[in-house]
Amino acid sequence: MSFRENLIKARSHIIFLVALACGLLIVIGLENLMPEKQDVAQADTSAETVPAVSPMAAFDEVTPLPLAVAGESSDEDLAYAQIAWRYFENNTHPETGLVNSADKYPSTTMWETGSYFVAVISADLLDIISEDEAKARISLALDTLTAMRLFDDILPNKAYNVETGELVDYTNKPVERGLGWSALDIARLVGTLDQITLHYPDLAPQVSALLAHWDLSQMVEDGQLIGGNMADGELRRDQEGRVGYGQYGAKAMMLMGFDMYRAYDAEAHLMVKEVMGQPIPVDDRLHRNVTPAFTVSEPYVFDGLEFGFDARSHRFATAIYKAQEARYRETGVWTAVSESHLDEAPYFVYSSVWGGGAPWAVMTFRGERLDSKRTVTVKTAFAWYALFGTDYAKELVAELAPLGDPEHGWPEGLYEADGSTNGSVTTNTNAVVLAALAFRAHGPLIRAAQ
């Protein structure tokens, strides 16, 4: 038989052997490749489980400025405090015990009522008034607050007439049902009520009666602050508080035992914007659902002066302060920005470190840009000086000191554009001046000893 014939007869065996060899080669090849594929798979899995860098990491390099509690009051401090207290002597209604929100303007909010309580406690700590006067003033105001009609019998209306205790709109005109409630304003007042019970324990029953009159549970939901707003004649419930204000309000409500886990969580909605080389905490949500949120000094100085900073707010406040000092060092323009009243229309603005999508923007309540009304604010200057005691803050206070009017109190400050005086004189500014001067002598109000 020829080789060709034998090859044909053995063809099936040959095909089997060739297939077996090919299969062996494929198996060997796969075994060599498998470790590489496993490594890749492990690498991919590992990459998926590495968390994104937290925006809080930007503040790891921020060294908190040391607090500057002096432990005593200078003659100059007491003179400044006397000027601030004159505002409250001029603007307290004798029958209701409530205080005008601005000089001779007989309307108030719960935020400004809280500011008044802060002013009274601070004036007592500084011996500007006696303890008896402090308790009498607070007691009368508490009685009025307890007797006042609420919005829908739930919580305080957004505004009240100081002379009559009536529910009013923002032009101080009576409104039958009301405007709704501000959760942030009420939370601020709640925080000051805790200060009252600490400083004046015999007023605790009045505080308890007031809180029993309010249904605070209506303004807390799932760990957040919830405001009530009238829209087309119906009550709408909206989350309130952005980074800064939200955590300040949460601290106050936690004093009353409320779980404010979402409101206190700054990181959930935190983005960081660099301004003058400093990381600035900015909320990633819109302000009033209209314009990009803004960052101002206000909630941070209140937090430091009243509660005392926590580790996070201390770093945030340090960065916000340093950006303002750096702007002055670079431009020569005095900088102490926050929300502030104006002595002309539109009467209120937010002067930001970052706001509306840009650094140093000045925004109106409606979200319009109005940089021409940026004010070097008295309250912010005094607060930064009390908290941090830096050379720049001391220079700021010295620059603004001539504005103090012994007959009327402290105005808002100086307009940056032309150096003229922003002559609006308000409860909030004069209360912060008193709180700052009390802090210099005693530390945070909630810890200050009588």
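Throughout this document, residue positions are counted from 1 along each chain, in the order its sequence is written. Local features in this predicted model are restricted to residues of pLDDT 70 or higher, and side-chain atom pairs are both shown and tallied only at a pLDDT of 80 or more, whereas totals for entire chains, interfaces and linings draw on every residue. Side-chain numbers come from the whole structure's heavy atoms, not from hydrogens or water.

Topic: the confidence of the model for the chain
Quick note on the threshold: pLDDT expresses, on a scale from 0 to 100, how confident the predictor is about each individual residue. Contact definition: two residues touch when any of their heavy atoms are within 4.5 Å.
Chain-level statistics for the chain give a pLDDT mean of 90 and a share of 88% at 70 or above. Of the regions scoring below 50 in pLDDT, residues 1-50 engages in three contacts with residues more than four places distant in sequence or in other chains.

Topic: helix α8 (residues 245-254)
To keep it simple, the criterion reads: Classification of residues uses two cut-offs on accessible area relative to the type maximum, computed with a 1.4 Å probe and protein chains only: under 20% is buried, over 50% is exposed, and between them is partly exposed. Runs of H or I in DSSP of at least four residues are treated as helices and runs of E of at least two as strands, each being numbered from the N terminus.
Counted residue by residue, α8 has nine buried out of 10 residues, so it is predominantly covered. Taken residue by residue, α8 has Y245, G246, Q247, Y248, G249, A250, K251, A252 and M253 as its buried positions.

Quick word on the side chain of S313
Summarising the element assignment, S313 is placed in helix α11 (residues 311-331). Using a relative accessible area of 7% as the deciding quantity, one classes S313 as buried. Excluding residues within four positions of it along the chain, S313 makes contact with K251, Y300 and D303.

Section: the packing of helix α10 (residues 298-307) against helix α12 (residues 378-388)
The packing of two helices is summarised by the inter-axis angle and the distance between the axes. Selection criterion: Throughout, an axis means a line fitted to C-alpha atoms (over the contacting stretch in the case of helices), and angles, computed between N-to-C directions, take values from 0 to 180 degrees. For classification purposes, angles smaller than 35 degrees are called roughly parallel, those larger than 145 roughly antiparallel, those between 65 and 115 roughly perpendicular, and all remaining angles oblique. In this scheme, a crossing is called left-handed if the near helix is turned counterclockwise away from the far one by less than a right angle; it is called right-handed if the turn is clockwise. Amino acids are sorted into nonpolar (Ala, Val, Leu, Ile, Met, Phe, Trp, Tyr, Cys and Pro), charged (Asp, Glu, Lys and Arg) and polar (every other residue, Gly among them).
Closest axis-to-axis distance for the α10/α12 pair is 10 Å, and the angle between their directions is 40°. Considering the angle they form, α10 stands oblique to α12. In the crossing of α10 with α12, the sense of the turn from one axis to the other is left-handed. Contacts from E298, V301, G304 and L305 of α10 reach α12 at K379, A383, W384, A386 and L387. Residue composition of the contact of α10 with α12, by class: six nonpolar, one polar and two charged.

Quick notes on the nonpolar core
Filter applied, for reference: We define a nonpolar core as any set of buried Ala, Val, Leu, Ile, Met, Phe, Trp, Tyr and Cys residues linked to one another through side-chain atoms lying within 4.5 Å.
Grouped together as the largest cluster of nonpolar side chains are 125 residues, with contacts concentrated most on F117, W214 and M219. In terms of residues, this core owes the most to one element, helix α4 (residues 110-125), which gives 10 residues. The residues touching M219, leaving out its near neighbours within four places in the chain, are L155, W181, A183, I186, A187, Q224, L225, I226 and M253.

Digging into the pairing of strand β7 (residues 270-275)
Short version of the rule: Two strands make a pair as long as DSSP finds a minimum of two bridges between them.
With six bridges connecting them, β7 and strand β8 (residues 278-283) associate as antiparallel partners. Counterpart to L270 in the pairing with β8 is D283. Between β7 and the antiparallel strand that follows it, β8, lie two residues; M276 among them carries a positive phi value of about 50°.

Overview of unusual backbone geometry
Cis geometry marks the peptide bond from A345 to P346; its omega dihedral reads 10°. Checked against the element boundaries, P346 lands in the loop between β11 (339-341) and β12 (348-351). Unusually for a residue other than glycine, D222 sits at a positive phi of about 50°. Looking at the element boundaries, D222 is found in the loop between β4 (220-221) and β5 (224-231). Notably, D232 is not glycine yet its phi reads approximately 55°, a positive angle.

Focus: the packing of α8 against α10
Where α8 contacts α10, the axes come no closer than 8 Å and their chain directions differ by 30°. Overall, the two elements α8 and α10 adopt an arrangement that is roughly parallel. The two elements α8 and α10 cross, and the hand of that crossing is left-handed. Contacts between α8 and α10 involve Y245, Y248, K251 and A252 from the first element and E298, P299, F302, D303, E306 and F307 from the second. Its residues placed into classes, the contact of α8 with α10 shows six nonpolar, no polar and four charged.

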